[in-house]
Amino acid sequence: MASVKAPSGPLSWACGSLLCLLLLTWCLRFPGAHGQASPLRVEPQYPVLPSGGSISVNCSADCPDAENIVMETFLSKELLGRGPNWLAFRLSNVTDNANVICAAYCNGSQISSSTDITVYRLPERVELAPLPPWQPVGENLTLSCQVVGGAPRAHLTVVLLRGEEELSRQPAEGDPAEVTSTVPARREDHGANYSCRTELDLRGQGLELFETNSTSKQLRTFVLPMAGPFLSAPRTLEVGRESAVTCWLAGLFPVREAQVHMALGDQQLNPVVVRHGDMLSATATVTARKEQDAQIVCNVTLGGESRKTEETVIIYSFVEPILHLSNARALEGTTVTVVCMAGARVRVYMDGAPITAPGQHTQLQLIATENDDGRNFSCEASLEVGGQTLQKKISIQLHVLYGPIIEHAHCPQRLLWKEKSSQVLRCQARGNPVPKLQCLHKVSGSPVPVGIPFTVTLQHNGTYHCQAVSSLGSTTLDVVMEVQNRNAYYVTIILTVLVILGLVAVAVASLHVFGVKMRSGTYRVEQGSTSLPLTSIQPERQSGEEPS
């Protein structure tokens, strides 16, 4: 049988190799003429190696006189060695799954065997889609993970995680594969890390479980009530006057992330913010700059959302009324005019003055007397703002200048004091300006202290000339001071006692004489008379004695 010469050159080699591979493949479908198992082995069987790896494949025949052992594959191969019944090649840079076929002749018959090489690749990119900046609690959160590359796909699984908690496990289908899962957002999920992971499970092929993790992303959840914050602000606000404005909102989570902004019209306020529990409160001091209606705004923001409350404030100008005296230091007897005035819409009131219309002034006149000295005049202003009546009051004092006056009620004209006793000369003078009061002895010209304690002596005895002097004149009053000598006082007492004792002695002696006379007479009562006349009874005469 004539042999056919194979064409030479690269093309002829490629054609020959492809023809041989097709023939061997056909032969593998019919391993033997009698359907028996092929005595040709390919080792290792069904190997698994990483992409770009290398492997040594050995073809060996049980037939002792095997001939023309060959190995066919589209992979790059390098002969490592051969023997009578074996052949070994090194396959390099294996990047795709491949089939390796070994063939030989044994006892004139063609025998063959094959194996499949499985190449595995870890994913090139495992990425969790960005999470929303803030996620409302109670709403569904959609997680999405994209996987690019990775083989074999049949052994590749995508897992979605919250921390270490597994949320979803799905096969990687397609390239790129995209896996999604929906979970409800909870308060406890605030600050939790979410990620996705691929698992290439080659443990059944004698290898291991290969995991590839994405970069984790942190979730922020929040709760913001639908209702707006509570705002406590005055209905009216006076220009230039400070007032407190308070704003608060409860039910916030996380409250430390909540922000509050307060403003009066276009004027930004700087509130003091306090966070406690799930409540945020803010207090600001507001000062109105001009007279107009404006909006006080409190805006609480959290999680990219905001809740706002506004209130209208009436800003008004209410200047304190002006109270004027024509002469604040008037002379007694002169005319004084008191005038009160205020702003355009302000009504003013003053005791004793006529009531006028808003925007008009009011006044009164009086003749100044000493009783008006120190008198206070008050003016009250009222303004209607937003259905409220606002009031302001101012006072002024009148001083009346009048000459000195010494009142008898405040300065006794006669004094009786004992020598060496401690006394106070209480004498007062009044006037405006305040007069100077001095009391001088009319004879000696010696002064006596006024209003302070002093020890009385006999030299203080006499009449004193008390004079009050001021820039508006003078007035005088005489005071008689009688000082009793302490020894004369004792003599008087002794004489009085002696007189009393003498009178008592005379009285006792008189009573004694009267008693003796009463006992010296004898009296006899005569019978038969209803009256009892008393008659004198003569003493019995002794015998032999004659009456005279």
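Parameters at a glance
Residues numbered from 1 in each chain as written. Predicted model: local features only at pLDDT ≥ 70, side-chain atom pairs only at ≥ 80, totals over all residues. Heavy atoms only, no water. Helix = DSSP H or I, 4+ residues; strand = E, 2+ residues; numbered from the N terminus. Buried < 20%, exposed > 50% of the residue type's maximum accessible area, 1.4 Å probe, protein only. Areas by Shrake-Rupley, 256 points an atom, 1.4 Å probe, with all protein chains shown as cover. Contact = heavy atoms within 4.5 Å. Pairing = 2+ DSSP bridges. Polar contact = N/O pair within 3.5 Å; in protein donor to acceptor, adjacent residues only side chain to side chain. Axes fitted to C-alpha atoms, helices over the stretch in contact; angles between N-to-C directions. Salt bridge = Lys/Arg side-chain N within 4 Å of Asp/Glu carboxyl O.

Asks: Requested: an account of the overall build of the chain, with residues and values cited.
Replies: Helix and strand content of the chain: 2 helices and 44 strands. Buried residues in the chain amount to 35% of all 548 residues. Accessible area for the chain stands at about 33,000 Å²; split by element, carbon and sulfur atoms hold 53% of it.

Asks: Tell me about the environment of Leu437, and please be specific about residues and values.
Replies: Along the polypeptide, Leu437 turns up in strand β38 (residues 436–441). Separated by 29 residues in sequence, Leu437 and Cys466 have C-alpha atoms that sit 6.9 Å apart. Residue contacts for Leu437: discarding those within four places in its chain leaves Ile406, Cys427, Gln428, Ala429, Val450, Cys466, Gln467 and Ala468.

Asks: Which residues make up unusual backbone geometry, and what are the values?
Replies: Here the residue pair Asp175 and Pro176 is connected by a cis peptide bond, since its omega of 5 degrees sits within 30 degrees of zero. Here Pro176 is to be found in the loop between β13 (165–171) and β14 (177–184). Residues Phe253 and Pro254 are joined by a peptide bond in cis, for which omega reads -15 degrees. Unusually for a residue other than glycine, Tyr46 sits at a positive phi of about 50 degrees. Positionally, Tyr46 belongs in the loop between β1 (40–43) and β2 (48–50). Overall, Tyr46 belongs to the exposed group, its relative accessible area being 54%. The backbone of Asn68 shows a phi angle near 55 degrees, a positive value even though the residue is not glycine. Structurally, Asn68 can be placed in strand β4 (residues 67–72). Exposure remark for Asn68: the relative accessible area of 55% places this residue in the exposed category.

Asks: Provide a residue-level description of the pairing of strand β7 (residues 98–106), including the pertinent values.
Replies: For β7, the buried fraction is high: 7 of the 9 residues fall into the buried class. As defined by bridge partners, β4 adjoins β7 across 4 bridges and the pair is classed as antiparallel. Each bridged residue has a counterpart across the sheet, and for Glu72 the counterpart in β7 is Ile101. Connecting the antiparallel pair β7 and strand β8 (residues 109–120) is a turn made up of 2 residues, with Asn107 showing a positive phi of about 55 degrees.

Asks: Hey, could you go over the pairing of strand β11 (residues 140–148) for me, with residue numbers and the actual values?
Replies: In terms of strand pairing, strand β9 (residues 125–128) meets β11 through 4 bridges, oriented antiparallel. Bridging from a neighbouring strand, Leu128 pairs with Cys145 of β11. The pairing of β11 with β14 spans 8 bridges and is antiparallel. Bridging from a neighbouring strand, Thr142 pairs with Thr182 of β14.

Asks: Give me the side chain of Thr309: which residues, what numbers.
Replies: Summarising the element assignment, Thr309 is placed in strand β27 (residues 305–316). From its side chain, Thr309 meets the backbone oxygen of Pro229 in a polar contact 2.6 Å long. Among residues more than four places away in sequence, those in contact with Thr309 are Gly228, Pro229, Leu231, Ile296, Val297 and Cys298.

Asks: An account of the sheet that holds strand β6 (residues 86–94) is needed here, citing residue identities and associated values.
Replies: An order of β1-β3-β6-β5 is seen for the 4 strands of this open sheet, with the pairing classed as antiparallel. Here the strands that pair on one side only, and so sit at the sheet edges, are β1 and β5 (76–83). Direction aside, neighbouring strands of the sheet carry axes that sit 20 degrees apart on average. Strand direction decides the pairing type here: strand β3 (residues 53–61) and β6, joined by 7 bridges, are antiparallel. When the sheet's bridge partners are listed, Asn58 is paired in β6 with Ala88.

Asks: Outline the pattern of salt bridges, listing residues and values.
Replies: Counted according to the given criterion, the structure contains 23 salt bridges. Among the salt bridges present, the one from Arg41 reaches Glu43, with a minimum N-O distance of 4.0 Å. Exposure remark for Arg41: the relative accessible area of 35% places this residue in the partly exposed category. Beyond isolated ion pairs, a larger network of salt bridges with shared partners links Arg162, Glu165, Arg186, Glu188 and Asp189.

The values are spatial; any link to function lies outside them.
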